[in-house]
Amino acid sequence: DSMRAREGAVAAGQRACDRDRLQFLDETVECVSLRPARDDAGHMALRRVYRFEFSDGGDRRRDGSIVMLNAKVESVTMEPFVQQ
């Protein structure tokens, strides 16, 4: 389950960067939080928050985060960036 959630987070980060023509740095994510939560059906699940870095111009590293509930992406947020 942990590997599937991590792989989903990597894919979500890559998609977000591709969508905005950004560079997904290091092509990886780091799990910074793991907590129990309830899914839409009320079942126990794990909510994981992953951190990643991206660049909008190659010279600045910016932060983003991805929240996963089990293997489902709940949200992707990114630090403000300059569109190239």
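Right above here is the structure, for reference.
Residues numbered from 1 in each chain as written. Predicted model: local features only at pLDDT ≥ 70, side-chain atom pairs only at ≥ 80, totals over all residues. Heavy atoms only, no water.

**Q** Any chance you could break down the pattern of salt bridges for me, citing the residues and the numbers?
**A** Per the counting criterion, the structure on display carries 14 salt bridges. For Glu-53, the salt bridge identified is with Arg-61, shortest N-O distance 2.7 Å. Since its relative accessible area comes to 17%, Glu-53 is described here as buried. Classification of Arg-61 as partly exposed rests on a relative accessible area of 47%. The partner of Arg-62 in a salt bridge is Glu-79, and the shortest N-O contact between them spans 3.2 Å. You can see Arg-62 sitting in strand β4 (residues 62-69) and its partner Glu-79 sitting in the segment after β5 (72-78), a full 17 residues away along the chain. Here Arg-62 falls in the buried class, since its relative accessible area comes to 12%. Salt bridges linked by common partners bring Asp-26, Glu-30, Arg-51, Glu-53, Arg-61 and Asp-63 together as one network. (Salt bridge = Lys/Arg side-chain N within 4 Å of Asp/Glu carboxyl O. Buried < 20%, exposed > 50% of the residue type's maximum accessible area, 1.4 Å probe, protein only. Helix = DSSP H or I, 4+ residues; strand = E, 2+ residues; numbered from the N terminus.)

**Q** Give a detailed account of the pairing of strand β2 (residues 30-38), specifying residues and quantitative values.
**A** Sheet topology places β2 next to strand β3 (residues 44-55); eight bridges connect them, and they run antiparallel. Paired with Leu-34 across the strands is Arg-48, a residue of β3. Counting the residues between successive antiparallel strands, the hairpin from β2 to β3 contains five residues, one of them, Gly-42, with a positive phi of roughly 90°. (Pairing = 2+ DSSP bridges.)

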